[in-house]
Amino acid sequence: MFQFIKHMSAINSIKKLPFHLRRLIFYSEGPDNWPHLEPIISKLIEKNQPFVYYTSHPNDPGLSIKTKNITSVCIGDKTARTILFASLEADMVIMTMPDLHNFHIKRSPLVKHYAYIHHSMVSQHMIYRKHAFDNFDSIFCVGPHHVAEIREMESLYKTQRKICIKHGYGKLDTLLENHLKYKPSNNPKKILIAPSWGAQGLLEKYALQTIKPLIDAGFSVTVRPHPVTWKKAQGTLLNLIRVFGTHQNFQIEKNVLDIHSLFQSDVMISDWSGVALEFSFSMAKPVIFIDVPKKILNKDYDKFKVQPMEILIRSKIGKILKPQNLSSIA
């Protein structure tokens, strides 16, 4: 109850601001979204554009914004957030959370325009739910594949035409700007294991079988679990720490905002995670894809003429390894 009152108090204080200070609103689920919002926010700050930044996480970097005419507050991820979204008043709301209006987070009749910014370079029609983007007015598209997919969604699902903004991918820009500053150590070779999450995922199913051959071969191994894995499969991660935690060539990384391990690694091992594309595109280094079952949240994906990017590109940026062949991964 205390948190609810605290969050509602913050929301009500913002509603009292003059409308020109809150006509543009950003919403972030937490720190993981900051790399995708920060490049846009930095430009708006340069241009003295007022906005409100709502976040559901108390450790969101966006809360540290200390600039005139910009307000940032934490609203939690429970009832206060639901109430806020139903009554928002703004010209535009920008967010990285899909499925607007499909569940408890609804469109407000007092908002003129909702825009979605992607937090991954992967396609939109396989790992997202069927109608994840139907209720947005604009989509900030990473590349031509997103534009083609949105147009095909509109045709298949008979939805209103959206504005497709040829935006690119802010996180990739940041990686490209910074990677040349790092000189990886070649002794030993560094392997970064950065998979997606889910019951059939690499860490959930094959963590020990993947890591042990690499450690035995003398590689330095960093495991970078998806934040959801820490929530849903913490036991698996704690077991990894128990087995390998004292080994000098093993470490597990909890902060996915830290990009040093991407720069310092020679090879990435992944499954269906979008971070594999970030690693490959920014540093032109190879990825080994462990061929676990596809992550499918939209069973209609095979009705699309456009093949999902994460399927199409795997063999072009690395190697695909069957789980039964993990003993040969080194």
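Residues numbered from 1 in each chain as written. Predicted model: local features only at pLDDT ≥ 70, side-chain atom pairs only at ≥ 80, totals over all residues. Heavy atoms only, no water.

We now examine the overall build of the protein. When its secondary structure is counted, the protein shows 12 helices and 13 strands. Relative to the globule expectation of 20 Å for 330 residues, the C-alpha radius of gyration of the protein, 21 Å, shows essentially globular dimensions. Counting only C-alpha atoms and orienting by the principal axes, one finds that the protein spans roughly 60 × 45 × 40 Å. Long-range pairs, those at least 24 residues apart, make up 64% of the contacts in the protein between residues at least 6 apart in sequence. Here the protein displays about 16100 Å² of accessible surface, and carbon together with sulfur accounts for 54% of that area. Counting 43 positive and 27 negative side-chain charges, the protein places the averaged centre of each group 2 Å from the other. (Helix = DSSP H or I, 4+ residues; strand = E, 2+ residues; numbered from the N terminus. Rg over C-alpha atoms; globule rule 2.2 N^0.38 Å. Contact = heavy atoms within 4.5 Å. Areas by Shrake-Rupley, 256 points an atom, 1.4 Å probe, with all protein chains shown as cover. Lys, Arg positive; Asp, Glu negative; His and termini not counted. Charge placed at Lys NZ, Arg CZ, Asp CG, Glu CD.)

With that settled, the discussion passes to the environment of Q324. By secondary structure assignment, the location of Q324 is in the segment after β13 (318-321). Between the C-alpha atom of Q324 and that of V256, which follows or precedes it by 68 residues, the distance is 29 Å.

Looking now at the sheet that holds strand β5 (residues 110-117). Strands sit in the order β3-β2-β1-β4-β5-β6-β7 across an open sheet of 7 strands; the sheet is parallel. Edge strands, defined here as strands with exactly one partner in the open sheet, are β3 (70-74) and β7 (163-166). For this sheet, the mean angle separating the axes of adjacent strands, direction not counted, is 20°. Sheet strands touched by helix α1 (residues 2-15): β2 (51-55) and β3. Its angle to β3, the strand with the most contacts, is close to 160°. Contacting β1 (24-28), β2, β3, β5 and β6 (138-141), helix α2 (residues 34-46) crosses the sheet at an angle of about 155° to β1. (Pairing = 2+ DSSP bridges. Axes fitted to C-alpha atoms, helices over the stretch in contact; angles between N-to-C directions.)

In terms of nonpolar packing, the biggest core is built from 59 residues, with Y54, L88, V93, M95, F133, L262 and M268 touching the most fellow members. Ranked by the residues each element gives to this core, the list is headed by helix α10 (residues 275-283), at 5 residues. Those residues in contact with L88 that sit more than four places away from it in its chain are I25, Y54, V93, S108, L110 and V111. Counting residues in each nonpolar core, the second largest holds 23 residues, with I193, L203, F250 and L326 among its members. (Core = buried A, V, L, I, M, F, W, Y, C linked by side-chain atoms within 4.5 Å. Buried < 20%, exposed > 50% of the residue type's maximum accessible area, 1.4 Å probe, protein only.)

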